[in-house]
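Topology and contacts: notes
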Amino acid sequence: MQFHINGFQGGSPKISLPAEGRELNQGLLPEELDVLIIGSGPAGLTLAAQLSHYPSINTRIIEQKEGPMILGQADGVSCRSMEMFQAFGFAEEVLKEGYWVNETNFWKPNKSNPNEIIRDARVQDVKDGLSWMPHIVLNQARIHDMYIDVMKNSSSKLEVDYKCSLLSLEINLEDKYPIKAIVEEKGRIKTIKAKYAVGCDGAGSIVRKAIGRELKGDREGQAWGVMDVLPSTNFPDIRFKNIIKSADSGNILLIPREGGHLVRIYVELDKLKQRGESKNITLDRLIEASKKIFHPYTFDVKETAWWSVYEVGHSITDKFDDVPEDEIENRFPHVFIAGDACHTHSAKAGQGMNVSMGDTFNLGWKLISVLTEKCDEKLLHTYSSERQAVAQGLIDYDHKWARVMSAPVGSNTVSVKDHFIEGGTFTAGLSVQYQPSILTGKTTYQNLASGFEIGKRFHSTPVHRVGDGKIVELSETIKVDTKWRLYAFADFSNPMDENSAIYRLCDYLENSPQSPIVKHTLKSEDIDSVISIYGIFQQRAHNLTFEELPSILKPLIGKYGLKDYEKIYTPDFKNDNNIFDMRGINKEKGCIVIVRPDQYVSNILPLDAYEELEKFFAEFLLKR
Ligand SMILES: Cc1cc2nc3c(=O)[nH]c(=O)nc-3n(C[C@H](O)[C@H](O)[C@H](O)COP(=O)(O)OP(=O)(O)OC[C@H]3O[C@@H](n4cnc5c(N)ncnc54)[C@H](O)[C@@H]3O)c2cc1C
């Protein structure tokens, strides 16, 4: 963690002083805003937490509820979301507090006595090497708290405006503030104007309706109950995740929760004849159904912390912004929808919260880059195209998962265990792959680094930081901001030699008038504030002469021009983790891996592909 860059600051480095013009108490809603976020679920809070790092952007997040969530809905945190939390700075807290899903067990009816269940298989939950973060279970309400802390600790001192409901929303593109929102704030009706509005207002979204979009889909008419309980039981696997199929009493998905005692039980109930019928289902029914499925094991509920019943359904909108398909060439989006406002699915694949956070993590840096005048507004079109495809993929997967879970025991469908193993990358949140666009290159040079798949998230590995000898994950270099990162993997020649490919690349990036760093960075900004380059060398650290390595890898930053010692890396030889081998990097040629602010690989280029580098960034970064 880097701090004191602009002078010594005592106290916790996580807490920033308020920026100029920002108060500890933000007061009532102003009449004009840059960004109005509606809804403080996981989607809204992910976005607000990102924007809170930019006090020059006037953001507010409104929520109709009285205060923060205390008990909550979703609980599964995928490996991918954990990687994202690391950039926000609270992954360690989640690791400490959450339940780690290490193993998933499968139970089935005992053939010789079908009224009883027996263990069928044990499977490691996340395959080795898939991510440097585990699969975690933690109450959605606690994740909310952590985002709220990020906002409170930021220089914006952003807070959620509770008891504040959006009543209606209109768009007038002629206006400098095209959004007109009518809001009820603590009982008073107000008009707020904003440059952008983001509807994170859940499945009943008013924002979605205001932009004329519809959730279209199906309902399976299958009721599922969910309860968070403190049980007394002799079921041996109670502290493991389990998928339990009984002969004819239904199915259970059991997920242990944080704290060592609480468990979440999803229990399959009846087929419903009509929508809303699930309202009549009681907690006692859920407990009774669970007892039957657990037989011959006992299952007594000592306390129920939270419970709910819902129907499985899948729905999605055709686009996640206000611009009709045939007007994309002529106008830019000003209203976006995210999370449950534009896609809903069953809870059992554990994706609701994860995909919702993924939506706004995708949108946040784009909005900030446009509002801080670093990027062209056309960048905003990529939000809908990228995330609608992800949501559609989730719904397709979820359809299959719901069918497999509800299939009768012994039917011909693929087994639950096989489906679970096959879908491992998906449920870890790691199957997302953005398609070629202005942000994602084609696979022309993929063979230079086969393990960094273009369009997929940057797959971190441990590396040795040369400046201080610490072993770190390479993706720890990525924080929540708008920076583009160039990971330059050197060829095997001497990097201190001014004729080496890496030296020449660094010299070009720092000094050439054509360099994208020179073209897109203001003279008043730190040299790495738009595009930040990291050097990863094949040699052992002690064979590198730090002083003789290219100067752009040791930039002088902040108000005192202090040297940055965290941009030069070698493989982690000590633990036999060679990033060049692990990620299939061509050692003879090296390469540049271009990574987006939200940790996805945008492109891979040869070390001397200067023109392609210029063209790539010129598509969306403004000349400054
Ligand atoms: C009852 C319930 C149980 C669930 N259980 C599970 C589960 O067990 N496992 C799982 O993975 N997922 C579950 N989910 C789904 C999961 O919680 C969601 O996928 C996830 O929360 C979506 O996040 P979001 O931010 O898009 O929307 P939400 O979390 O729905 O947040 C939307 C927010 O917007 C606010 N809002 C709405 N309208 C307005 C308005 N007009 N003005 C101001 N504020 C507004 C709402 O009060 C809410 O706080 C459940 C959802 C519900 C509703």
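Fair warning: this is a prediction, and the values are worked out from it, not measured in the lab.

When helices and strands are tallied, the protein shows 14 helices and 27 strands. Over its C-alpha trace the protein gives a radius of gyration of 26 Å, about what one expects of a compact globule, namely 25 Å for 624 residues. With the C-alpha coordinates aligned to their principal axes, the bounding extent of the protein is approximately 75 × 60 × 50 Å. For the protein, the residues scored as buried account for 45% of the 624 residues in total.

Further remarks concern the packing of helix α2 (residues 79-88) against helix α7 (residues 352-371). Packing of α2 against α7 leaves a shortest axis separation of 10 Å and a crossing angle of 45 degrees. The orientation of α2 with respect to α7, classified from their angle, is oblique. Remark: the crossing between α2 and α7 carries left-handed chirality. Only N354, M357 and F361 of α7 make contact with α2, whose side of the interface consists of R80, S81 and M84. Across the contact of α2 with α7, the residue classes tally to three nonpolar, two polar and one charged.

The next point concerns the site of the ligand. Around the ligand there are 32 residues in total, and G39, G41, G202, G339 and G352 lie nearest to it. For the shell around the ligand, the elements supplying multiple residues, two or more each, are α1 (42-51), β9 (164-171), β16 (299-316) and α7. Looking at the shell around the ligand residue by residue, the class counts come to 13 nonpolar, 15 polar and four charged. Of the domains in this structure, domain 1 (32-72 + 138-215 + 318-416) and domain 2 (98-137 + 218-314) are the two that each give at least three residues to the shell around the ligand.

The next point concerns the sheet that holds strand β7 (residues 136-137). Working definition: the strands of a sheet are paired by backbone hydrogen bonds and lie parallel or antiparallel to each other. Taken together, the three strands give an open sheet; going across it, the order is β3-β7-β4, and neighbouring strands pair in antiparallel fashion. Every other strand in the sheet has two partners, leaving β3 (76-77) and β4 (99-100) as the edge strands with one partner each. Sheet topology places β4 next to β7; two bridges connect them, and they run antiparallel. The residue bridging Y99 from the neighbouring strand is V137, located in β7.

Let us look at unusual backbone geometry. Between H295 and the following residue, P296, the backbone shows a cis peptide bond with an omega angle of 15 degrees. As for its placement among the helices and strands, P296 is situated in the loop between α6 (283-294) and β16. In the Ramachandran plot, K163 falls in the positive-phi region, its phi being about 55 degrees despite a non-glycine side chain. Mapping K163 onto the fold places it in the loop between β8 (160-161) and β9. With 14 C-beta atoms counted inside 10 Å, the residue K163 sits in the partly exposed group.

Where interface size is quoted, it is often the accessible area lost as the parts come together. Parsing the protein into structural domains produces domain 1 (32-72 + 138-215 + 318-416), domain 2 (98-137 + 218-314) and domain 3 (446-618). One C-alpha centre belongs to domain 2, the other to domain 3; they are set 46 Å apart.

Quick look at the sheet that holds strand β21 (residues 484-489) now. The seven strands are arranged β20-β19-β25-β22-β21-β26-β27 in an open sheet whose pairing can be described as mixed. Two strands bound the open sheet, and with one partner strand each, they are β20 (471-473) and β27 (601-605). For this sheet the average axis-to-axis angle between neighbouring strands, irrespective of direction, equals 30 degrees. Here two bridges tie strand β22 (residues 531-536) to strand β25 (residues 568-571), and the two strands are oriented parallel to one another. Looking across to β25, one finds that I536 is bridged to Y569.

Moving on to α7. Here α7 contains 20 residues, and its C-alpha end-to-end distance of 29 Å stays within 8% of the 28 Å for a straight helix at 1.5 Å per residue. Immediately beyond the C-terminal end of α7, within one or two residues, lies E373, with a positive phi of roughly 60 degrees.

Core analysis: the biggest nonpolar cluster contains 166 residues, and A197, V198, A488, C591 and V593 have the highest contact counts within it. No other element matches α7, which puts ten residues into this core. Apart from residues no more than four positions distant in its own chain, A488 is found in contact with I502, L505, I533, Y534, G535, I536, I592 and L607.

The next thing to look at is the environment of S78. Mapped onto the elements of the fold, S78 is located in the loop between β3 and α2. Along the sequence, S78 and V94 sit 16 residues apart, while their C-alpha atoms lie 12 Å from each other.

A word on the pairing of strand β5 (residues 103-110). Judged from the eight bridges that link them, β5 and strand β6 (residues 113-124) form a sheet pairing that is antiparallel. Across the sheet, residue P109 finds its bridge partner in β6, namely I117.

It is worth spelling out the packing of α1 against helix α4 (residues 140-153) at this point. Contact pair α1 / α4: the axes reach a minimum separation of 9 Å and the direction vectors enclose 20 degrees. Here α1 is positioned roughly parallel relative to α4, judged by the angle of their axes. In the crossing of α1 with α4, the sense of the turn from one axis to the other is left-handed. Residues P42, L45, T46, A48 and A49 of α1 form the contact with α4, whose own contacting residues are Q140, I143, H144, Y147, I148, V150 and M151. Among the residues making up the contact of α1 with α4, the classes are represented as nine nonpolar, three polar and no charged.

To continue, consider the environment of T570. Note on placement: T570 falls in strand β25. With 23 C-beta atoms packed within 10 Å, T570 lands in the buried category.

When the terminal C-alpha atoms of α6 are compared, their 17 Å separation across twelve residues agrees well with the 16 Å that a helix rising 1.5 Å per residue should span. Along α6, the positions that sit buried rather than exposed are L286, I287, A289, S290, I293 and F294. The buried residues of α6 occupy an angular sector of 165 degrees when the element is viewed end-on, so they sit on one face. Those residues of α6 that are exposed and aimed more than 90 degrees away from the buried face are D284 and E288.

What follows deals with the environment of N58. By secondary structure assignment, the location of N58 is in the loop between α1 and β2 (59-62). What makes N58 partly exposed here is the crowd of 18 C-beta atoms within 10 Å. Spatially, the C-alpha atom of N58 lies 34 Å from that of E473, the residues being 415 residues apart in sequence. Each residue touching N58, except ones within four places of it in the same chain, is listed here: L33 and D34.

Rules behind the numbers
Residues numbered from 1 in each chain as written. Predicted model: local features only at pLDDT ≥ 70, side-chain atom pairs only at ≥ 80, totals over all residues. Helix = DSSP H or I, 4+ residues; strand = E, 2+ residues; numbered from the N terminus. Rg over C-alpha atoms; globule rule 2.2 N^0.38 Å. Buried ≥ 20, exposed ≤ 12 C-beta atoms within 10 Å, placed from the backbone. Axes fitted to C-alpha atoms, helices over the stretch in contact; angles between N-to-C directions. Parallel < 35°, antiparallel > 145°, perpendicular 65-115°, else oblique. Left-handed = near helix turned anticlockwise from the far one by under 90°. Contact = placed C-beta atoms within 7 Å. Nonpolar A, V, L, I, M, F, W, Y, C, P; charged D, E, K, R; others polar. Near = placed C-beta within 6 Å. Domains from an automatic or database assignment. Pairing = 2+ DSSP bridges. Expected span 1.5 Å × (residues − 1). Core = buried A, V, L, I, M, F, W, Y, C linked by C-beta atoms within 7 Å. Arc of directions from axis to C-beta.

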